Amino acid sequence: MTVPPGRRERKKAATRQKIAESALRLFLERGYDAVGIRDVAAEADVAVTTLFSHFGSKEALVFEQDTDFEQRLTQAVTARAPHEPLLPALRGEIQALVRHCTADGAAPIWRMIEASPALREYDELMRLRHAESLATAIAADPDLSLTPTACRTIARFVIDAYSLAREAADPDAAVDEIFRMIEAAWDVACAP
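S.K.: Would you mind showing me how to read helix 1 (residues 7-30) here?
M.R.: Helical geometry note: an α-helix holds 3.6 residues per turn, so side chains three or four residues apart project in the same direction. Between its first and last C-alpha atoms helix 1 spans 34 Å; for 24 residues at 1.5 Å apiece the expected length is 34 Å, and the two agree. Three or more residues of helix 1 are buried, namely I19, A20, S22, A23, L26 and F27. Buried positions along helix 1 lie against helix 2 (37-44), helix 3 (48-54), helix 4 (58-62) and helix 7 (107-115). Among the residues trailing helix 1, G31 stands out with phi positive, at a value near 100°.

Rendered as structure tokens:
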């Protein structure tokens, strides 16, 4: 049974959400580069130190769900049933992430990211970090016996699947196509 979060945790989560929503609203209204941290803090009615206790940088405000996405990907590996195949679990998670990031209202956010060198760099570093976390989770799985290189390669392919599918005209078809290639790579990695 899951214990519901306490009052303090709920309050922290609400403050974090309020900061993220305020930041995104200001960024989309005025432009990312035209908005400063103090502007966001004022809009969210919090101190700058409070903002930084929730977000490590201005860029992190745009990628508010970064940690959640990373945890979801690693949990797709670690939370699956014993002997449950890995790739379908990862595919399902990537499909869900792609749908989230291509939902109505997401296009202006991605245009903003593409227009900002700082946000593009943050996105790239975030994806590399996600790939390393995923590779670590795959390598730690006792049911799998892959080399570290194979773990890192499969993890990078999965993270790239997210990015490529998100940008495709038909994201669902792109996930299908990409995962067929990942499955072929998986078969090679698992071959004796």
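Having seen the model, we can carry on.
S.K.: What is the right way to look at unusual backbone geometry in this model?
M.R.: Negative phi characterises most residues that are not glycine, and trans characterises most peptide bonds. With phi around 60°, D45 is a residue other than glycine that occupies positive phi space. Exposure remark for D45: the relative accessible area of 64% places this residue in the exposed category. Phi angles above zero are rare outside glycine, and H83 is one such case at about 70°. Positionally, H83 belongs in the loop between helix 5 (66-78) and helix 6 (86-101).

S.K.: Any chance you could explain the packing of aromatic side chains here in plain terms?
M.R.: For any two aromatic rings, the description comes down to two numbers: the centre-to-centre distance and the angle of the planes. If you walk through the whole model with that rule in mind, you get 2 aromatic pairs. Relative to Y122, the ring of F63 lies with its centre 5.3 Å away and its plane at 20°, an arrangement referred to as stacked. Here Y122 lies in helix 8 (residues 117-140) and F63 lies in the loop between helix 4 and helix 5, a separation of 59 residues in the sequence. F63 sits in the buried class, given a relative accessible area of 8%. Directly above the ring of Y32 sits K58, whose terminal nitrogen or CZ lies 4.2 Å from the centroid. Over the ring of W110 we find R166; its NZ or CZ atom is 3.4 Å from the centre of that ring.

Cut-offs used in this document
- Residues numbered from 1 in each chain as written.
- Predicted model: local features only at pLDDT ≥ 70, side-chain atom pairs only at ≥ 80, totals over all residues.
- Heavy atoms only, no water.
- Helix = DSSP H or I, 4+ residues; strand = E, 2+ residues; numbered from the N terminus.
- Expected span 1.5 Å × (residues − 1).
- Buried < 20%, exposed > 50% of the residue type's maximum accessible area, 1.4 Å probe, protein only.
- Contact = heavy atoms within 4.5 Å.
- Phe/Tyr/Trp six-rings, centres within 6.5 Å; stacked < 30°, edge-to-face > 60°.
- Lys NZ or Arg CZ within 6 Å of the ring centre and 35° of its normal.

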